[in-house]
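Residue-level listing of the chains:
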Amino acid sequence: MATFAKPENALKRAEELINVGQKQDALQALHDLITSKRHRAWQKTLERIMFKYIELCVDMRRGRYAKDGLIQYRIVCQQVNVTSLEEVIKHFMHLSTERAEMARSQAQALEEALDVDDLEADKRPEDLMLSYVSGEKGKDRSDRELVTPWFKFLWETYRTVLEILRNNSKLEALYAMTAYRAFQFCKQYKRTTEFRRLCEIIRNHLANLNKYRDQRDRPDINAPESLQLYLDTRFEQLKIATELELWQEAFRSVEDIHGLMCMVKKTPKPSLMVVYYAKLTEIFWVSASHLYHAYAWFKLFSLQKSFNKNLNQKDLQLIASSVVLAALSVSPYDNSRGASHLELEHEKERNLRMANLIGFIIDPKLENREVLSRSSLLTELVTKGVMTCVTQEVKDLYNLLEHEFLPLDLASKVQPLLTKISKLGGKLSSASSVPEVHLSQYIPALEKLATLRLLQQVSQVYQTMKIENLSKMIPFFDFSTVEKISVDAVKHNFIAMKVDHMKGVVVFGNLGLESDGMRDHLMVFAESLNKARTMIFPPAKKASKLGEMLPGLAEIVEKEHKRLLARKSIIEKRKEEQERQLLEMEREEESKRLKLQKITEEAEQRRLANEYEQRKNQRILREIEERELEEAQALLQEAEKRGGKKKGKKPLIEGEKVTKQTLMEFALNEQLRERQEMEKKLQKLAKTMDYFERAKREEAAPLIDAAFQHRIVEEKVLHEREQQQEVELSRQRHDGDLKEKNRLSRMLDHKTQFQETVMNRRQAEYNRLRAETEERVNQILQQRRQEREYQRKMIFFLRAEEERLKKLHEEEEARKREEAERKRREEAERKAKLDEIAEKQRQRERELEEKERLRKEALLGRSGDGPTRPSDLLVGARPVAPGTAAPAAAAAPAPSPSPGKYVPRFKREQPDNAGPARPAELDRWSSSRPDDRGSQPRDSWRSSDDRRSAFGAGRWRQ
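Residues numbered from 1 in each chain as written. Predicted model: local features only at pLDDT ≥ 70, side-chain atom pairs only at ≥ 80, totals over all residues. Heavy atoms only, no water.

- As named in an unreviewed UniProt entry, the protein chain is Eukaryotic translation initiation factor 3 subunit A, taken from Actinidia rufa.
- As recorded by UniProt, the Subunit (unreviewed entry) comment attached to the protein chain reads in full: "Component of the eukaryotic translation initiation factor 3 (eIF-3) complex."
- Reading the Subcellular location (unreviewed entry) entry of the UniProt record for the protein chain gives the comment "Cytoplasm". (UniProt positions renumbered as here; feature names shortened; annotations may be inferred.)

**Some words on the overall build of the protein chain**
Reasoning step 1: Check the secondary structure of the protein chain and you find 31 helices and five strands.
Reasoning step 2: Counting every position in the protein chain, which comprises 958 residues, the buried fraction comes to 27%.
Reasoning step 3: At a minimum sequence separation of 6, the contacts of the protein chain that also span at least 24 residues come to 71%.
Reasoning step 4: Of the accessible surface of the protein chain, which amounts to about 66,900 Å², a share of 54% is contributed by carbon and sulfur atoms. (Helix = DSSP H or I, 4+ residues; strand = E, 2+ residues; numbered from the N terminus. Buried < 20%, exposed > 50% of the residue type's maximum accessible area, 1.4 Å probe, protein only. Contact = heavy atoms within 4.5 Å. Areas by Shrake-Rupley, 256 points an atom, 1.4 Å probe, with all protein chains shown as cover.)

**Comments concerning the pairing of strand 4 (residues 497-500)**
Reasoning step 1: By the bridge criterion, four bridges tie strand 4 to strand 5 (residues 505-508) in an arrangement that is antiparallel. Looking at strand 5, one finds that K498 is bridged to V507.
Reasoning step 2: In sequence, strand 4 turns back onto strand 5 through a hairpin of four residues, with G504 there showing a positive phi of about 70 degrees. (Pairing = 2+ DSSP bridges.)

**Observations regarding the UniProt feature "coiled-coil region" (unreviewed entry) in the protein chain**
Reasoning step 1: The residues that UniProt annotates with the feature "coiled-coil region" (unreviewed entry) are residues 561-642 and 668-695.
Reasoning step 2: The span residues 668-695 is 100% helical and 0% strand by assignment, and the distance between its end C-alpha atoms comes to 41 Å.

**A word on the pattern of salt bridges**
Reasoning step 1: In the structure shown here, the tally under the stated rule is 48 salt bridges.
Reasoning step 2: Across the salt bridge formed by R563 and E560, the nearest N and O atoms sit 2.2 Å from each other. Pair noted here: R563 and E560 are both in helix 24 (residues 553-644), with a separation of three residues, about one helical turn.
Reasoning step 3: With relative accessibility at 34%, the residue E560 sits in the partly exposed group.
Reasoning step 4: Note that R815 is salt-bridged to E812, the shortest N-O span being 2.3 Å. Taken together, the residues span about one helical turn, with R815 and E812 both in helix 26 (residues 748-865) at a distance of three residues.
Reasoning step 5: Residue R815 is classed as partly exposed on the basis of its relative accessible area of 45%. (Salt bridge = Lys/Arg side-chain N within 4 Å of Asp/Glu carboxyl O.)

**A short note on the nonpolar core**
Reasoning step 1: Within the largest apolar cluster, 161 residues are counted, with the highest numbers of intra-cluster contacts made by I54, F195, Y276, W297, L381, L397 and V414.
Reasoning step 2: Here the element with the most residues in this core is helix 7 (residues 138-165); it accounts for eleven residues.
Reasoning step 3: Beyond its immediate stretch of four places on either side in the chain, W297 contacts T281, I319, S322, V323, A326, V434, V437 and Y442. (Core = buried A, V, L, I, M, F, W, Y, C linked by side-chain atoms within 4.5 Å.)

**A word on the sheet that holds strand 3 (residues 464-466)**
Paired through backbone hydrogen bonds, the strands of a sheet run either parallel or antiparallel to each other.
Reasoning step 1: Read from one edge of the open sheet, three strands run 3-5-4, paired in antiparallel fashion. The sheet is open, and its two borders are formed by strand 3 and strand 4, each paired with just one other strand. Going from strand to strand, the sheet's axes swing by 20 degrees on average, the running direction of each strand aside.
Reasoning step 2: The pairing of strand 3 with strand 5 spans three bridges and is antiparallel. When the bridges of strand 5 are listed, K466 appears paired with V505. (Axes fitted to C-alpha atoms, helices over the stretch in contact; angles between N-to-C directions.)

**Some details on helix 4 (residues 63-77)**
Because each turn of an α-helix spans 3.6 residues, side chains separated by three or four positions in sequence point in the same direction.
Reasoning step 1: Over its 15 residues, helix 4 extends 21 Å from the first C-alpha to the last, a length consistent with the 21 Å expected when each residue adds 1.5 Å.
Reasoning step 2: Among all positions in helix 4, only G63, A66, G69, L70, Q72, Y73, V76 and C77 are buried. (Expected span 1.5 Å × (residues − 1).)

**Considering the environment of R822**
Reasoning step 1: Tracing the chain through its elements places R822 in helix 26.
Reasoning step 2: Reaching out from R822, the side chain makes a polar contact with the side chain of E826 at a distance of 2.6 Å. (Polar contact = N/O pair within 3.5 Å; in protein donor to acceptor, adjacent residues only side chain to side chain.)

**Some words on the packing of helix 1 (residues 7-19) against helix 3 (residues 44-60)**
Reasoning step 1: Orientation of helix 1 relative to helix 3, taken along the N-to-C sense of each, is 25 degrees, at an axis distance of 9 Å. The angle between the axes of helix 1 and helix 3 places the two elements in the roughly parallel class. Taken as a pair, helix 1 and helix 3 cross one another with a handedness that is left-handed. Residues P7, E8, L11, E15 and I18 of helix 1 touch helix 3, and the partners they reach there are T45, R48, I49, K52 and L56.
Reasoning step 2: A per-class count over the contact of helix 1 with helix 3 returns five nonpolar, one polar and four charged. (Parallel < 35°, antiparallel > 145°, perpendicular 65-115°, else oblique. Left-handed = near helix turned anticlockwise from the far one by under 90°. Nonpolar A, V, L, I, M, F, W, Y, C, P; charged D, E, K, R; others polar.)

**A look at a nonpolar patch on the surface**
Reasoning step 1: Side chains of F405, L408, V461 and Y462 sit close together on the surface and give an oily, nonpolar patch of about 320 Å² of accessible area.
Reasoning step 2: Looking at the secondary structure, you find V461 in helix 19 (residues 443-461). (Patch = residues over 30% accessible without salt bridge, like charges linked within 9 Å, V, L, I, M, F, W, Y side chains within 5 Å.)

**Focus on the packing of aromatic side chains**
Reasoning step 1: Taken as a whole and judged by the stated rule, the model has twelve aromatic pairs.
Reasoning step 2: Ring centres of F284 and Y292 lie 5.6 Å apart, and the angle between their planes is 55 degrees; this geometry places the pair in the tilted category.
Reasoning step 3: A residue is classified by how much of its surface remains accessible, and Y292, at 4% relative accessible area, is buried.
Reasoning step 4: Summarising the aromatic geometry, the rings of Y333 and F494 are spaced 5.6 Å apart at their centres and angled 50 degrees between planes, so their arrangement reads as tilted. Of the two residues, Y333 sits in the loop between helix 14 (313-328) and helix 15 (341-358) while F494 sits in the loop between helix 21 (479-491) and strand 4, which places them 161 residues apart along the sequence. When sorted by exposure, Y333 lands in the same class as F494, which is buried.
Reasoning step 5: Clustering of aromatic rings is evident, with ring pairs tying together F151, Y158, F185 and Y189. (Phe/Tyr/Trp six-rings, centres within 6.5 Å; stacked < 30°, edge-to-face > 60°.)

**Considerations on helix 8 (residues 172-188)**
Reasoning step 1: Under the 1.5 Å per step criterion, the end-to-end length of helix 8 is 24 Å for 17 residues, consistent within 8% with the ideal 24 Å.
Reasoning step 2: Among all positions in helix 8, only E172, L174, Y175, A176, T178, A179, A182, F183, F185 and C186 are buried.

**Regarding unusual backbone geometry**
Reasoning step 1: Here the phi dihedral of R61 falls at roughly 55 degrees; this positive angle occurs in a residue that is not glycine.
Reasoning step 2: Relative to the elements of secondary structure, R61 occurs in the loop between helix 3 and helix 4.
Reasoning step 3: For R61, a relative accessible area of 40% puts it in the partly exposed group.
Reasoning step 4: Notably, A288 is not glycine yet its phi reads approximately 60 degrees, a positive angle.
Reasoning step 5: By the secondary structure assignment, A288 is in the loop between helix 12 (270-286) and helix 13 (290-307).

Rendered as structure tokens:
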């Protein structure tokens, strides 16, 4: 360890070592001086030593040395000159950042140079081999070799500076600036891991600060300046976290800000709180916490409306619409239904925590669902007047989804409103702290809410509905998505329904027949039915005594009633017209007021801008005059000083009695005079120097010639001596080479024999290896040839087999088709024959029935021609002699059958027995003779037999 009596000696020693390239020794020498206890009193030399020490640490990337040196220098400067420590740290960060940017520029330049190195070759062989070995591109490799070490060192620099400044109350601003630059470093180069570590470091610093707040030189967080710096740092941390999409870290940053506010019991400025709630809305939206997202929007709207007086009506309308849409996007049912007691307690604690973060003061003794809920938020929006600031589309959407009962038309009315709302939004004016608002992000949640409302209202009206009808009623999603939404709603007991895919219907159940919605709906339905019944069947009017007394009173009352109704309708129309006119007047007055206010604001802005420009111009003129006056005074003082050196000369002009123009003219004249005098002096001096130089050259010319001739003689003698030495050396080397040749010539024959032996052996070995190689190559070629032949045959066989199988399959398919066609034709023919047979059978049955009918008519007709009295029937039924019967039989000729008329078989076969058969027919109508009753069954049996035989004969003839 080197010791120096003075710090200046160490600095000089370090510079000498740096000049000869020993930077490590120089760094060690300065490190020994800084850590030495002999030099603990601050002086300006120590600051210069620290600057040199920091430069060496940065050049050699020695972060540990830099940290040790800064800690020791902080001990020296803490109570004497903290500004010096601040300058050293700023220089340290500046050098680190500059070297990192330089390395990044070099890497980019190297990549560009590699790209244009050779226009005909894409890559060099070395680059290809290196890329195959390492598996990375040229840019990645250059970044790893050049950029990454310097980025690591820059990150270590930020950590070192934050560690040194964390407990220094005098350098809080530098600590905040370092944190800000570290955040920008993480944002610029997308360093998410380092950003998390940086947030944890700052968080630990604040925790230690609260833990050991009684120590000396600790920052006081309760001080307004310190609190503002810490809050600015945390808000910058929150912004960078959201830009890097590190939402978990962003939420922790929000908790840090809230912890700071609770710690000091002070609320930051409204502009910072607007950023706070704007970032909260993004965090809660990404985390799908729609309820907290809506509450954060509500707080943001309240802040903007209360404190931002420059906010225009359009921006306020967009923010209010975002609040209402965010509240509508919250799920309409309680997700904690059916949860365990432990989960409910956790949910309650979480709600309390979120409420504290958002800034809502609530009672922790309330139930979980009463802490933060969708219904309470919507009620608060209405009571606080948010609904009066939203756009008309959002207001109509709110009424449709929350107050209207339209089970069949809800989706068709909501869809155009959602289309209009999706086109609203965009960037806000500069007066708003919120950069932009996008209402289209709420469209999916609103479509889901509309679907749930439609299902809820349909379930109150219908018991079953077809799936295709329900799908047509919901144009937002297909039925699979609707089914997923309904499953979640059924799970949380929002609706009761089942989906029967086999029948293609949706079955709705009842959550409770005594619910308010069902009871109201039934009451409305009953009233409507009662009105319809009254209109169809008006009640009968009872005649009163007064009506009997005054017959025309009913008509008078009816006319008066109609007149009063007409007058009432006219009055109502006049009131509506008057209200409409008043509303139009109010709108016109409001538009005029807004125009006047806009014109007044524009005039005020122009006036303020003009005043600002005038003040700016006056300030610039005043500064120019002051600067000119100062310059003139300086010139005059300088001229007076130069004039004061001359003996006996006094200033010609007094400063109090001259104007600025006179003063400047006097100063310029003095400068011109002095310049002319100086030019004369220079001309005289140049002339003198010219004479002097000419005289020197004239005296030196003969001396230079003599010296030149003497040097020529010396160089000639030296050349001859060196030439003689070279000749002698060449002769000696030649003699030695001849002796060496004679000595080696005796071994020439042995060398030739040995060479021939070696060459012959090598030639034989080469021929043997070549023959073996050729044989092995031939075998390999023959084997490959056989394999190729076998593969060709195998491929040919497989293709032939495949074609054969394909042909067999096609033939089998053709045969099956032909067989099926044949069976189909046979079946058709068989069916046609069966139909024809059935038709003929039905025709024959109809003919038989017709013949039977005609026969019965004929029989009935003949029975009508005989006696009609019973006594006549009895007389005619008695037996007579054969002699007397023959003339009767002859007198009654048998009827000739007409063509197409049915004739019984017994009449066709026995024409002679027609006479005795008639009494049998007559006996069928009387019951006096028991022996004649058996003839009818025989005849009926025979007729049925004949009928059967005729039917059978006809069928067999077919």
